[in-house]
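Breakdown of the fold
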Amino acid sequence: MSQPLPRLVVNASPLIYLAEAGLLSLLRQAASSVWVPEPVAKEIRAYDPDDPTAKALASQGWLEVKPIDATTGELLAWSLGAGETSVIALAQASPGSVAVIDDLAGRRCAEALGLPLR
């Protein structure tokens, strides 16, 4: 019996690197849904509107941009960047989510909070 695919909450760098390599569709294949926190989407759009990742956010309906409702004091104490903080906050608020973060401090924070991580 196969396990259901997880929901992925993805930070900017993994999205950018996969888009530049033409491999963004791998996320769709590996997940039931792919969420991009609004602060991450804002960071990507500010980088370059012609960037493949910004174009994908605008055109790929399966990349779902999600707002962040709240961030815990425990998470803020880690002093992470806005992207890492928003990925972890959204994953925390959505049980069954897997955080996709490449930043070492962000990965350590997610692990300390007991979040599934890729």
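See the structure above.
Reference entry: report on the structure contained in this document. (Residues numbered from 1 in each chain as written. Predicted model: local features only at pLDDT ≥ 70, side-chain atom pairs only at ≥ 80, totals over all residues. Heavy atoms only, no water.)

Quick word on the nonpolar core
Formed by 36 residues in total, the largest nonpolar core has its most connected members in L15, L24, L27, I44, L63 and I88. Going through the elements one at a time, β1 (7-10), α1 (12-20), β2 (33-37), α3 (38-47), α4 (52-59), α6 (82-93), β4 (97-100) and α7 (104-112) are the ones with two or more residues in this core. Leave out the neighbours within four places in its chain, and L24 touches L15, L18, A19, A56, W62 and L63. (Core = buried A, V, L, I, M, F, W, Y, C linked by side-chain atoms within 4.5 Å. Buried < 20%, exposed > 50% of the residue type's maximum accessible area, 1.4 Å probe, protein only. Helix = DSSP H or I, 4+ residues; strand = E, 2+ residues; numbered from the N terminus. Contact = heavy atoms within 4.5 Å.)

What about α7?
Restricting attention to buried positions, one finds in α7 the residues G106, C109 and A110. In a view along the axis of α7, the buried residues occupy a sector of 100°, so they form one face of it. Across from the buried face of α7, at angles greater than 90 degrees, the exposed residues are R108, E111 and A112. Turning to α7, the residues buried within the fold contact α5 (73-76) and α6. Capping the start of α7, D103 holds a side-chain oxygen 3.3 Å from the backbone nitrogen of A105, two or three residues further along. Two residues or fewer after α7 comes G114, characterised by a positive phi angle close to 75°. (Arc of directions from axis to C-beta. Polar contact = N/O pair within 3.5 Å; in protein donor to acceptor, adjacent residues only side chain to side chain.)

Digging into the environment of L5
Following the sequence through the fold, L5 ends up in the segment before β1. Taking relative accessible area as the criterion, L5 reaches 45% and is therefore assigned partly exposed. Counting along the chain gives 91 residues from L5 to G96, while the straight-line C-alpha distance between them is 9.7 Å.

A look at the sheet that holds β4
A sheet is described by the order of its strands in space; here 4 strands give the open sequence β3-β2-β1-β4, paired in parallel fashion. A single partner strand is all that each edge strand has here, and the edge strands are β3 (63-66) and β4. Along the sheet, successive strands turn relative to each other by an average axial angle of 30°, direction set aside. Pairing of β1 with β2 involves 3 bridges; the strand directions are parallel. Directly across from L8, in β2, lies its bridge partner V34. Contacts from α1 reach β1, β2, β3 and β4, with the element oriented near 95° to β1. (Pairing = 2+ DSSP bridges. Axes fitted to C-alpha atoms, helices over the stretch in contact; angles between N-to-C directions.)

The quantities given are spatial measurements derived from coordinates; they are silent on function.
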